[in-house]
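# Structural overview
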Amino acid sequence: GGEAWALNPVLQEERRKLLADAVAFYERLAAADGDDPVVRRESAKAHLRAGGAWLNLSDHARAEAAFRKAVGLFDGLLADRPDDPAGLAAAADAR
């Protein structure tokens, strides 16, 4: 399965390249800015995904920064719309 592929030393460089590509993709998504709550929520989700990819690349500083950005975005959404169940669920998932 996936774990065997991830741990196979022969495939580690290929895995690193794929994760780096994923990070670049998620960071482009996360760069979307604006007042639209849907765009802000998707940006926060992209930061979460980028954080996970950075974590898989063992770049803990970048992972932490991405996760903190996601939490901040979700908290902002929740502050703006405290009665939005989707926003509440997304903020809870980010924690």
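Below is a summary of the structure that appears in this document. Remember, it's a predicted structure, so these values are computed and weren't measured experimentally.

Applying the stated criterion to the full structure yields five salt bridges. For the salt bridge of aspartate 84 with arginine 41, the shortest nitrogen-to-oxygen distance reads 2.7 Å. Highlighted residues: aspartate 84 in the loop between helix H4 (60-80) and helix H5 (85-94) and arginine 41 in helix H3 (residues 37-56), separated in sequence by 43 residues. The pair aspartate 84 / arginine 41 is uniform in exposure class, with both members buried. Put simply, glutamate 42 and lysine 45 hold a salt bridge, and the shortest N to O gap is 3.3 Å. Linking glutamate 42 with lysine 45, this pair stays in helix H3, spanning three residues, or about one helical turn. Exposure remark for glutamate 42: the relative accessible area of 37% places this residue in the partly exposed category.

This part takes up the nonpolar core. Counting residues in hydrophobic clusters, the biggest one holds eight residues: Ala44, Ala70, Val71, Phe74, Leu77, Ala90, Ala91 and Ala94. The biggest single contributor to this core is H4, with four residues. Setting aside chain neighbours within four positions, we find leucine 77 in contact with Pro37, Arg40 and Arg41. In terms of nonpolar packing, the next biggest core, distinct from the first, is built from seven residues, Val23, Ala53, Trp54 and Ala63 among them.

It is worth spelling out the packing of helix H2 (residues 12-30) against H3 at this point. Relative placement of two packed helices is described by the angle separating their axes and the distance separating the axes. H3 packs onto H2 with a crossing angle of 160 degrees between their chain directions and a minimal axis gap of 8 Å. When the interaxial angle is binned, H2 and H3 end up roughly antiparallel. Considering the relative orientation of H2 and H3, their crossing is left-handed. Residues Arg15, Leu19, Val23, Tyr26, Glu27, Leu29 and Ala30 of H2 form the contact with H3, whose own contacting residues are Ser43, Ala46, His47, Arg49, Ala50, Ala53, Trp54 and Asn56. Split into classes, the residues belonging to the contact of H2 with H3 amount to nine nonpolar, three polar and three charged.

The subject of this paragraph is H3. A rise of 1.5 Å per residue sets the reference length of H3, with its 20 residues, at 28 Å; its end C-alpha atoms lie 29 Å apart and thus fit the reference within 8%. Within the span of H3, buried status applies to Arg40, Arg41, Ser43, Ala44, Ala46, His47, Ala50, Gly51, Ala53 and Trp54. Summarising the contacts, the buried residues of H3 are in contact with H2, H4 and H5. Measuring from the backbone nitrogen of valine 38 back to the side-chain oxygen at the start of H3 gives 2.9 Å, which picks out aspartate 36 as the cap. Positive backbone phi, at 65 degrees, marks serine 58, one or two positions downstream of H3.

Here histidine 47 lies in helix H3. Contacts of histidine 47, omitting those with residues within four sequence positions, involve Ala30, Ala66, Lys69, Ala70 and Leu73.

Cut-offs applied
- Residues numbered from 1 in each chain as written.
- Predicted model: local features only at pLDDT ≥ 70, side-chain atom pairs only at ≥ 80, totals over all residues.
- Heavy atoms only, no water.
- Salt bridge = Lys/Arg side-chain N within 4 Å of Asp/Glu carboxyl O.
- Helix = DSSP H or I, 4+ residues; strand = E, 2+ residues; numbered from the N terminus.
- Buried < 20%, exposed > 50% of the residue type's maximum accessible area, 1.4 Å probe, protein only.
- Core = buried A, V, L, I, M, F, W, Y, C linked by side-chain atoms within 4.5 Å.
- Contact = heavy atoms within 4.5 Å.
- Axes fitted to C-alpha atoms, helices over the stretch in contact; angles between N-to-C directions.
- Parallel < 35°, antiparallel > 145°, perpendicular 65-115°, else oblique.
- Left-handed = near helix turned anticlockwise from the far one by under 90°.
- Nonpolar A, V, L, I, M, F, W, Y, C, P; charged D, E, K, R; others polar.
- Expected span 1.5 Å × (residues − 1).
- Polar contact = N/O pair within 3.5 Å; in protein donor to acceptor, adjacent residues only side chain to side chain.

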